[in-house]
Amino acid sequence: FRGLLKKFYFSVASRATPLFGNLVVVATKPGESGSPGVARDIEDSLRCPISGSHLTRDGDTHVAQADGVVYRYPVREGIPTLIPGDAEVAPRSE
């Protein structure tokens, strides 16, 4: 089932470049060693789709802070899910 979803995702992403921009996904299966430099470079370039601010990894989430608001995005099976509707939005506590 995952293979089918992966093929569907890449099929849609390759045809809908204006919607996804130059999105690159690098994922490895649990227990496999990928190229940590490449994955880290990609993770360092992630931005919040709502605010555009830099995302930092915090456990099983990616977190962005902007304009007094905290945006938390889940990481599912090692892949950041940067869908605005999936974000947990809360005021930043000082």
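Residues numbered from 1 in each chain as written. Predicted model: local features only at pLDDT ≥ 70, side-chain atom pairs only at ≥ 80, totals over all residues. Heavy atoms only, no water.

Caption draft 1: Layout of the nonpolar core. Of all hydrophobic cores here, the largest spans seven residues; its members are L46, C48, L55, A64, Y71, Y73 and A87. In this view, Y73 contacts C48, P49, I50, L55, D60, T61, H62, T81, L82, I83, P84 and A87; residues no more than four positions away in its chain are not counted. (Core = buried A, V, L, I, M, F, W, Y, C linked by side-chain atoms within 4.5 Å. Buried < 20%, exposed > 50% of the residue type's maximum accessible area, 1.4 Å probe, protein only. Contact = heavy atoms within 4.5 Å.)

Caption draft 2: How the structure looks around unusual backbone geometry. Positive phi is not limited to glycine here, since D67 has a value of about 50 degrees. By the element assignment, D67 lies in the loop between strand 2 (61-66) and strand 3 (69-76). A residue is classified by how much of its surface remains accessible, and D67, at 80% relative accessible area, is exposed. (Helix = DSSP H or I, 4+ residues; strand = E, 2+ residues; numbered from the N terminus.)

Caption draft 3: Spatial organisation of the side chain of H62. Mapping H62 onto the fold places it in strand 2. You can call H62 buried: its relative accessible area is 0%.

Caption draft 4: Region of interest: the pattern of salt bridges. According to the stated counting rule, one finds two salt bridges in the structure shown. Salt-bridge contacts for D58 lead to R72; the nearest nitrogen and oxygen are separated by 3.2 Å. With a gap of 14 residues between them, D58 in strand 1 (residues 56-58) and R72 in strand 3 connect regions that are remote in the sequence. Accessibility expressed as a relative area gives 41% for D58, which makes it partly exposed. For R72, a relative accessible area of 29% gives the class partly exposed. Note that D86 is salt-bridged to R76, the shortest N-O span being 3.3 Å. Placement of D86 in the loop between strand 4 (79-80) and strand 5 (88-91) and of R76 in strand 3 is noted, with a sequence separation of 10 residues between them. A relative accessible area of 46% places R76 in the partly exposed class. (Salt bridge = Lys/Arg side-chain N within 4 Å of Asp/Glu carboxyl O.)

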